[in-house]
2 protein chains.
Amino acid sequence: MAKEVPGAASSAGTFTERARRAQLIAVTTELVADEGYQGASLSRIAERAELSKAAVLYHVGSKDALIQAAYAHTLTALTSDVARAVQAAAPAEAPAAYIRAMIGHLGEHPRHTRMLIEALSHGVEEHASAERWQPLAEILEAAGVAGAGESRTVALVIGGGIDAIVREGLEDPDYDTAAAAEQLAALTAGSGWVRR
Amino acid sequence: MAKEVPGAASSAGTFTERARRAQLIAVTTELVADEGYQGASLSRIAERAELSKAAVLYHVGSKDALIQAAYAHTLTALTSDVARAVQAAAPAEAPAAYIRAMIGHLGEHPRHTRMLIEALSHGVEEHASAERWQPLAEILEAAGVAGAGESRTVALVIGGGIDAIVREGLEDPDYDTAAAAEQLAALTAGSGWVRR
DNA sequence: GTCTATACCCCGATAGAC
DNA sequence: GTCTATCGGGGTATAGAC
């Protein structure tokens, strides 16, 4: 699509370069979360960062690259948080820990949630979808909850269920996402998931 | 947002008016499904319909109104199809019928699926989300699968699971969505969903 | 009632001056 | 490194021909 960005890696470039990138990612995340993809125009981003539109483009290469960077930054916070919770749990409790951590993190950071949704809706490089369900499928198999032949669909359903619960919590603040997480976790542990 | 469209209802207006609207909705659906929301510009739509951009706008009022109309048209095809299948089933089998009809319809009409996804991702009037899960929640309660206190979350999880399965089938044609539907239907009937 | 022509403003992106 | 100027293209509004 677009040309390669000079400082694509977050660890490259000069001090000021990295600082600018970090600032731009922060501003973009906030703007995208609050106003949506379309509302986060380069002009508005530049305005908030106190730069010109062209200067922003100089640093990030293109709008899509900027969104991608903000997306990756946000996603890393989520995945590392979830991974920490999963690793701290015993294999049998890992699926429940995954569900709780996922819904908990996204419920506590609605801006992150909106950022991820907007980015995914607007042509962020979809990492094959397998990257989303495969880790969960492995967790499920290790817990003995689903066999190899069924773990993919079970993981997809749980992932989709998490998305739906988080979205609902976003639209209706009265909806108890923590209780929903427990309900989904109970389902995972229940007998319905594995054929006998 | 935008001004009211002259022939907003599909049954209003002149013969040519209705014909034009139908044609524009068809062209838009095809274009959005194949090229995405951004790829379906008014210029391209006008080009395919052999009209000028302004003429298109005359008939539909605005791009968002056009997308909304195409979305509603596509959604009606889906919901009427699913409703038919559900009504033909006994209450106890209704949840499974819902799941099969939903996944079956969307699997057979990938263009419809993409149209719905694109529209939902790009600011179509989200009908409160309740319109999505409430009908299913009622089906579940009638089937005795979920109690009143839990049917909302169960319906959300099933709905999200359906979405995830359909999306996966879109990205990976080798993925067996029919088998996944059966797996999800079996879960619904299983003991995992209801607390005892 | 249907459509063409035209003009407006904002968007993302590029070129070149400072 | 950062700016101004500019470009093509997007959605929209209006005037007026037929």
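Residue positions are given per chain, counting from 1 as you read along its sequence in written order. Chains carry letters from A onward and ligands carry numbers from 1 onward, assigned in written order. Local features in this predicted model are restricted to residues whose pLDDT is 70 or higher, and side-chain atom pairs enter the listing and the counts only when it is 80 or higher, whereas totals over whole chains, interfaces and linings include all residues. Processing note: side-chain calculations cover all non-hydrogen atoms of the structure and skip hydrogens and water entirely.

**Looking at the protein's contact with DNA strand D**
For the record, the criterion: Near is defined per residue: the residue qualifies when any heavy atom it owns lies within 4 Å of the molecule or strand. Two N or O atoms count as a polar contact when they lie within 3.5 Å, although within protein this holds only if one can serve as hydrogen donor and the other as acceptor, and sequence-adjacent residues are included solely when both atoms are side-chain atoms. The secondary structure listing takes helices from DSSP runs of H or I that are at least 4 residues long and strands from runs of E that are at least 2 residues long, numbered from the N terminus.
The full set close to DNA strand D counts 14 residues, and A:Ser52, A:Ala55, A:His59, B:Leu42 and B:Lys63 are the nearest of them. Those atoms of DNA strand D that come within 4 Å of the protein belong to sugar or phosphate at a rate of 58%. Contact distances for DNA strand D include 2.6 Å between a phosphate oxygen and a side-chain N or O atom of A:His59. Within the side chain of B:Lys53, one N or O atom sits 3.1 Å away from a base nitrogen of DNA strand D. Only helix H3 (53-60) of chain A together with helix H2 (42-49) and helix H3 (53-60) of chain B provide two or more residues apiece to the surface near DNA strand D. Sort the elements by how many residues they give to the surface near DNA strand D and H3(A) lands first, with four residues.

**Some details on the interface of chain A and chain B**
Quick note on the threshold: The contact criterion used throughout is that any non-hydrogen atoms of two residues lie within 4.5 Å. Two parts placed together each lose some accessible area under a 1.4 Å probe, and the buried area is that loss summed for both. Take a side-chain nitrogen of Lys or Arg and a carboxyl oxygen of Asp or Glu: if they are within 4 Å of each other, that pair is a salt bridge. Each residue is assigned to one of three groups, with Ala, Val, Leu, Ile, Met, Phe, Trp, Tyr, Cys and Pro labelled nonpolar, Asp, Glu, Lys and Arg labelled charged, and all others, Gly among them, labelled polar.
Counting residues at the interface gives 29 residues for chain A, matched by 29 residues for chain B. A buried area of about 2700 Å², summed over both sides, lies between chain A and chain B, and 51% of it is on carbon and sulfur atoms. Broken down residue by residue, the surface that chain A buries against chain B is led by A:Arg152, A:Gln183 and A:Leu187, which jointly contribute 21%. For A:Arg152, the salt bridge is made with B:Asp172, and the minimal N-O distance between the two is 2.9 Å. At the junction of chain A and chain B, the tally comes to 12 residue pairs in polar contact (both at pLDDT 80 or more). Residues that form the side of chain A that touches chain B fall into these classes: 12 nonpolar, 10 polar and seven charged.

**Things to note about helix H7 (residues 130-142) of chain A**
Residues spaced three or four apart along an α-helix face the same direction, because each turn holds 3.6 residues. Applied cut-off: The span one expects for a helix is its residue count, reduced by one, times 1.5 Å. Only protein chains enter the accessibility calculation, which uses a 1.4 Å probe; a residue is then buried when its area is under 20% of its type maximum, exposed when over 50%, and partly exposed in between.
In this model H7(A) runs 18 Å from its N-terminal to its C-terminal C-alpha over 13 residues, within 8% of the 18 Å that 1.5 Å per residue would give. Looking at H7(A), one finds that the buried residues are A:Ala130, A:Trp133, A:Leu136, A:Ala137, A:Ile139 and A:Leu140. Structurally, H7(A) contributes buried residues whose contacts are with helix H4 (63-87), helix H5 (94-108), helix H8 (151-171) and helix H9 (177-189) of chain A together with helix H8 (151-171) of chain B. Among the residues trailing H7(A), A:Gly144 stands out with phi positive, at a value near 75°.

**Considerations on the pattern of salt bridges**
For the coordinates displayed, the defined rule picks out 16 salt bridges over all chains. Residue A:Asp81 is joined to A:Arg84 by a salt bridge in which the shortest nitrogen-to-oxygen separation is 3.4 Å. Placement of both A:Asp81 and A:Arg84 in helix H4 is noted, with a separation of three residues, approximately one turn of the helix. Ionic pairing is found between B:Arg100 and B:Glu182, a salt bridge with its closest N-O pair at 2.6 Å. Of this pair, B:Arg100 sits in helix H5 (residues 94-108) while B:Glu182 sits in helix H9 (residues 177-189), and the two are 82 residues apart along the sequence. Assessed through its relative accessible area of 40%, B:Arg100 is described here as partly exposed. Note on B:Glu182: relative accessible area 36%, which makes it partly exposed.

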